[in-house]
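If you want the building blocks of each chain, they are given just below.
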Amino acid sequence: MAANPSVVIDRDTTGPAAPDGTAAGTTTTTTTRITTSTTTAPSTSTTKVKSPILVLGGTGTVGSRIAAQLAASHHPVVIASRSAKSSPSTSASSDSEPNKRANSTEKNENLHRVYFDWLDRSTWSNPFNYISSLTKQQLEKEKSDPRAQPSPYSTTAAEREALAQDSAQREEEQKQAWKIQSVYLIAPPGVMDAAGVMMDFVDFARRLPAPGFEDSTEGEARDGGGVKRFVLQSASCIEPGGPAMGKVHGYFRELGSRGEIEWAVLRPSWFQQNFAVQDNHVQSIRDEGKIYSATGDGKIPWISADDIAAVAVQALTMPVAPNTEFLVLGPELLSYDDIASTLSDVLGKKIVHVDLTSGDLERRHRSFGMPEDYSSMMSALDTGIKYGMENRTNDLVLSVTGVAPKTFREYAESVKHVWQPSGVETVVKPVEVVWTAA
Ligand SMILES: NC(=O)c1ccc[n+]([C@@H]2O[C@H](COP(=O)([O-])OP(=O)(O)OC[C@H]3O[C@@H](n4cnc5c(N)ncnc54)[C@H](OP(=O)(O)O)[C@@H]3O)[C@@H](O)[C@H]2O)c1
């Protein structure tokens, strides 16, 4: 029986609300369903194909959660970073807490890892080359499947011609479906001038040639393989056009206004995870019963990396181009004194907040190996918090994802083993996603 492939677009319109949090029920997912059916009988097999998404910094605190959540919803994900080597891992490591939304400890064939270094441009094409070779392999596999071959005995010449056309069309659709359409960008930590490098990467990725046109120098085909959507992780305290990621944010707006890219920028507040993944906090909580800041009694809407990731997933996958920023704030305003008090309850021992001067905090950061310019910026941010810079919250997470954001107490309860003294071996590092090589 001959195969007769067709493509069906399913649109699920039951998703959560719009990014601005004001309107409910916008479309959130699109599934391109490639159905293989026989010419004379109904389909017996259905393959769901979703375009791969590239997560730069996909081994870090937020990136690993984005990757896990996307993979759990059947999106092929390419995790790219310096430690993302192309060999399978079976270890379910982690800071910290189970990523309940995505079940990151589960083996998932949608996760792929590729070596990538922001500071080495020769590695920038790795994720795209990887996906391209995976697509070729997939197409070869399908072509050689005897069930995909028309039988010369049971079809007419006209039918065979139609099938050949279908097959060519399907191949083109597969190539498109397997193109990296969206990229999530997380800056390399500690690099002050990362913005220039990241904007160069955006230009590189949006101008990639179409498959088969790699040697062409101009024309539409030249840019036909380019990434369509870019989603940036910035910070609540950085305005578009401002320093660091603010520059990349401004660049997105500029390109977006000319219709050259689809874009979104996430501006999360301070992460709840900082207390369980950053050495300075982990050690001082565990060994001294102290947390240090220069924030006075300034308040912060602490946000869970799970919730940032959930918003990122929406920004990467929503069918309508977001072309906006998402101010991702946690559900409650807490000072460092409040955090110390919650940790005291959760750990059953007194944790105190030591309020340093900005200069003393800067020296403390440097003692943990933070570069000078970066530690000076970080302590300046604490001064901003002291004077109310972070004193606001919103309902964006609930509006965009349909799920209420986690509280700090919930998070602290889920990772309290990290702050236990001797007896429990504590490995402090970002969540690592378990993945399967292609
Ligand atoms: N922490 C907060 O409270 C907070 C609040 C708001 C905004 N932010 C922003 O969030 C971002 C950090 O996010 P995060 O905490 O999720 O990151 P993270 O855990 O520090 O992870 C950084 C990621 O970048 C990768 N990376 C580092 N250097 C690289 C390089 N040279 N080339 C390629 N990849 C590299 C790392 O993997 P490899 O080491 O394997 O390369 C890792 O996957 C920063 O831009 C920060 O300003 C943080």
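Our subject is the structure listed above.
Treat the numbers as computed from the prediction; the structure is a model and nothing was measured. (Residues numbered from 1 in each chain as written. Predicted model: local features only at pLDDT ≥ 70, side-chain atom pairs only at ≥ 80, totals over all residues. Heavy atoms only, no water.)

A. Geometry of the overall build of the protein chain. Counting its secondary structure elements, the protein chain contains 14 helices and twelve strands. For the protein chain, the proportion of its 438 residues judged to be buried stands at 49%. Long-range pairs, those at least 24 residues apart, make up 76% of the contacts in the protein chain between residues at least 6 apart in sequence. When the accessible area of the protein chain is evaluated, it comes to approximately 20000 Å², of which 51% is carbon and sulfur surface. (Helix = DSSP H or I, 4+ residues; strand = E, 2+ residues; numbered from the N terminus. Buried < 20%, exposed > 50% of the residue type's maximum accessible area, 1.4 Å probe, protein only. Contact = heavy atoms within 4.5 Å. Areas by Shrake-Rupley, 256 points an atom, 1.4 Å probe, with all protein chains shown as cover.)

B. The arrangement of the sheet that holds strand S11 (residues 324-328) in detail. Taking strand neighbours across the sheet as the criterion, the seven strands line up as S6-S5-S4-S7-S8-S9-S11 in an open arrangement whose pairing is parallel. Edge positions in the open sheet fall to strand S6 (111-115) and S11, since each of these has one partner strand only. Going from strand to strand, the sheet's axes swing by 20° on average, the running direction of each strand aside. Here strand S4 (residues 53-56) runs beside strand S7 (residues 182-185); their pairing, made up of four bridges, is parallel. (Pairing = 2+ DSSP bridges. Axes fitted to C-alpha atoms, helices over the stretch in contact; angles between N-to-C directions.)

C. Representation of the packing of helix H2 (residues 126-143) against helix H3 (residues 157-177) in the model. Running from amino to carboxyl end, H2 crosses H3 at an angle of 150°, the nearest separation of the two axes being 10 Å. It follows from the interaxial angle that H2 and H3 lie roughly antiparallel. Seen along the crossing, H2 lies across H3 with a hand that is right-handed. Two secondary-structure elements touch here, H2 through Thr135, Leu139, Glu142 and Lys143 and H3 through Arg170, Glu171, Gln174 and Lys175. Grouping the constituent residues of the contact of H2 with H3 by class yields one nonpolar, two polar and five charged. (Parallel < 35°, antiparallel > 145°, perpendicular 65-115°, else oblique. Left-handed = near helix turned anticlockwise from the far one by under 90°. Nonpolar A, V, L, I, M, F, W, Y, C, P; charged D, E, K, R; others polar.)

D. Structural detail: the packing of aromatic side chains. Here the structure, examined in full by the defined rule, presents 14 aromatic pairs. A ring pair is formed by Phe275 and Phe408, whose centres lie 5.6 Å apart and whose planes are at 70°; its orientation type is edge-to-face. With Phe275 in helix H7 (residues 274-277) and Phe408 in helix H14 (residues 408-414), this residue pair connects regions lying 133 residues apart in the sequence. Both residues of the pair, Phe275 and Phe408, belong to the buried class. On the basis of an interplanar angle of 75° and a centroid distance of 5.4 Å, the ring pair of Trp302 and Tyr336 is categorised as edge-to-face. Separated by 34 residues along the polypeptide, Trp302 in the loop between strand S10 (290-293) and helix H9 (305-317) and Tyr336 in helix H10 (residues 336-347) bring together distant segments of the chain. Judged by relative accessible area, Trp302 falls into the buried class, the value being 1%. Under the relative-accessibility criterion, Tyr336 is labelled buried at 4%. One aromatic cluster is present, formed by Phe116, Trp118, Trp124, Phe128, Phe201 and Phe204 through successive ring pairs. (Phe/Tyr/Trp six-rings, centres within 6.5 Å; stacked < 30°, edge-to-face > 60°.)

E. Examining the site of the ligand more closely. Thr59, Thr61, Ser81, Arg82 and Ser83 are the nearest of the 23 residues found near the ligand. Gly57 places a main-chain nitrogen or oxygen 3.2 Å from an oxygen atom of the ligand. Within the complex, 83% of the 920 Å² of free accessible area of the ligand lies under protein. Taken together, the residues that form the shell around the ligand break down as ten nonpolar, eleven polar and two charged. (Near = heavy atom within 4 Å. Polar contact = N/O pair within 3.5 Å; in protein donor to acceptor, adjacent residues only side chain to side chain.)

F. Region of interest: helix H12 (residues 372-386). Given a rise of 1.5 Å per residue, 15 residues ought to cover 21 Å, and the 21 Å separating the end C-alpha atoms of H12 matches this to within 8%. Looking only at H12, the buried set comprises Ser375, Met378, Ser379, Leu381, Asp382, Gly384 and Ile385. The secondary structure elements touched by the buried residues of H12 are S10 and helix H11 (358-367). Positive phi shows up at Gly388, right after H12, with a value of about 95°. (Expected span 1.5 Å × (residues − 1).)

G. Main features of unusual backbone geometry. Positive phi values are uncommon outside glycine, yet Ala244 reaches one of about 50°. Within the secondary structure layout, Ala244 lies in the loop between strand S8 (229-233) and helix H6 (245-257). Judged by its relative accessible area of 25%, Ala244 is partly exposed.

H. Summary view of helix H4 (residues 194-206). Taking 1.5 Å of rise per residue, 13 residues should cover 18 Å, and H4 covers 18 Å from first to last C-alpha, within 8% of that figure. For H4, every residue scored as buried is listed here: Ala194, Ala195, Val197, Met198, Met199, Phe201, Val202, Asp203, Ala205 and Arg206.

I. Representation of the pairing of S4. Burial of S4 is two-sided: the residues Ile53 and Val55 facing one way and the residues Leu54 and Leu56 facing the other way are all buried. Across four bridges, the pairing between S4 and strand S5 (residues 77-81) is parallel. Residue pairing in the sheet places Leu56 in a bridge with Ala80 of S5. Of the crossover connections in this fold, the one passing from S4 over helix H1 (residues 61-72) to the parallel S5 is right-handed. (Right-handed = clockwise from strand over helix to strand, strands pointing away.)

J. Examining the pairing of S8 more closely. In terms of burial, S8 is a largely internal element, five of the five residues being buried. Of the two faces of S8, the one lined by Arg229, Val231 and Gln233 and the one lined by Phe230 and Leu232 are each fully buried. Note: S8 against strand S9 (residues 262-268), five bridges, orientation parallel. Residue pairing in the sheet places Arg229 in a bridge with Glu262 of S9. Taking the sense of rotation as the criterion, the β-α-β connection linking S8, H6 and S9 turns out right-handed.

K. Just the pattern of salt bridges, in detail. The tally for this structure, following the rule as stated, stands at 17 salt bridges. Between Glu413 and Lys416 there is a salt bridge; the shortest N-O distance is 3.3 Å. (Salt bridge = Lys/Arg side-chain N within 4 Å of Asp/Glu carboxyl O.)

L. Summary view of the nonpolar core. With 38 residues, the main nonpolar core has Leu54, Leu56, Val183, Leu185, Phe201, Phe230 and Phe252 as its most contacted residues. Listing elements by their share of this core, those giving two or more residues are S4, S5, H2, S7, H4, S8, H6 and S9. The element contributing the most residues to this core is H4, with eight residues. Each residue touching Val183, except ones within four places of it in the same chain, is listed here: Leu54, Leu56, Phe201, Val227, Arg229, Phe230, Val231 and Leu316. Judged by nonpolar contacts, the second largest core, of 32 residues, contains Leu266, Ala309, Ala312 and Met318. (Core = buried A, V, L, I, M, F, W, Y, C linked by side-chain atoms within 4.5 Å.)

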